[in-house]
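Structural description and commentary
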Amino acid sequence: QVQLVESGGGLVQTGGSQGLSCVASRSLFSIYVIGWYRQQPGKQRELVATISSGGDRNYADSVKGRFTISRDNTRNTVRLQMNSLKPEDTAVYYCNAGVFIDGNLRNYWGQGTQVTVSS
């Protein structure tokens, strides 16, 4: 198993920047893929950005060029740097980790952190 603890959410103005951090309870090298999803009221949870154990990054089209995902393997931490924020980025952001256990890929979620972008 893996526990994920997010931090860094809050209120930010349109055009501003915000950073989110996710600390995992195990080495990132043991996690197949880790990243961020978000959920807006009344909508399904959607992918924002992920990074694999090999360092491959994947971004939603809506955040490409504005958001950057990075990892600090020494601190078991994944960070999402969000720039040029828009009101439509307002959501609860969740950290997600995919871990192979007994040959099956299992997903783990953090508790979520609210990001609100004021217009």
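We now turn to the structure provided with this report.

Cut-off values and rules
- Residues numbered from 1 in each chain as written.
- Predicted model: local features only at pLDDT ≥ 70, side-chain atom pairs only at ≥ 80, totals over all residues.
- Heavy atoms only, no water.
- Helix = DSSP H or I, 4+ residues; strand = E, 2+ residues; numbered from the N terminus.
- Polar contact = N/O pair within 3.5 Å; in protein donor to acceptor, adjacent residues only side chain to side chain.
- Contact = heavy atoms within 4.5 Å.
- Pairing = 2+ DSSP bridges.
- Patch = residues over 30% accessible without salt bridge, like charges linked within 9 Å, V, L, I, M, F, W, Y side chains within 5 Å.
- Areas by Shrake-Rupley, 256 points an atom, 1.4 Å probe, with all protein chains shown as cover.
- Salt bridge = Lys/Arg side-chain N within 4 Å of Asp/Glu carboxyl O.
- Axes fitted to C-alpha atoms, helices over the stretch in contact; angles between N-to-C directions.

**Comments concerning the side chain of Glu6**
Tracing the chain through its elements places Glu6 in strand β1 (residues 4–7). Within polar-contact distance, the side chain of Glu6 engages the backbone nitrogen of Gln111 at 2.9 Å. Apart from the residues within four sequence positions on either side, Glu6 is in contact with Ser21, Cys22, Trp36, Tyr93, Tyr94, Cys95, Gly110, Gln111, Gly112 and Thr113.

**Considering unusual backbone geometry**
What you tend to see is this: most non-glycine residues have negative phi, and most peptide bonds are trans. A positive phi angle is found at Asn76, which is not glycine, with a value near 50°. Position of Asn76 among the secondary structure elements: in the loop between β7 (67–72) and β8 (77–82). Look at Ser84: it is not a glycine, yet its phi comes out positive at around 50°.

**Let's talk about the pairing of strand β4 (residues 33–39)**
Looking along a regular strand, one sees the side chains alternate between the two faces of the sheet. In this structure, β4 lies alongside strand β5 (residues 46–52), joined through six bridges in antiparallel fashion. Of the residues in β5, the one forming a bridge with Val33 is Ser52. Counting the residues between successive antiparallel strands, the hairpin from β4 to β5 contains six residues, one of them, Gly42, with a positive phi of roughly 80°.

**Here we look at a nonpolar patch on the surface**
The grouping of Tyr32, Phe100 and Leu105 at the surface amounts to a nonpolar patch, some 320 Å² of accessible area in total. For Tyr32, the location among the structural elements is in the loop between β3 (18–24) and β4.

**A closer look at the sheet that holds β8**
Two strands in a sheet stick together by hydrogen bonds in their backbones, pointing the same way (parallel) or opposite ways (antiparallel). Spatially, the four strands line up as an open sheet ordered β1-β3-β8-β7, and their pairing is antiparallel. Every other strand in the sheet has two partners, leaving β1 and β7 as the edge strands with one partner each. For this sheet, the mean inter-axis angle between neighbouring strands, taken without regard to orientation, is 15°. In the sheet, β1 pairs with β3 via four bridges, with the strands oriented antiparallel.

Geometric descriptors of this kind do not, in isolation, establish any biological role.
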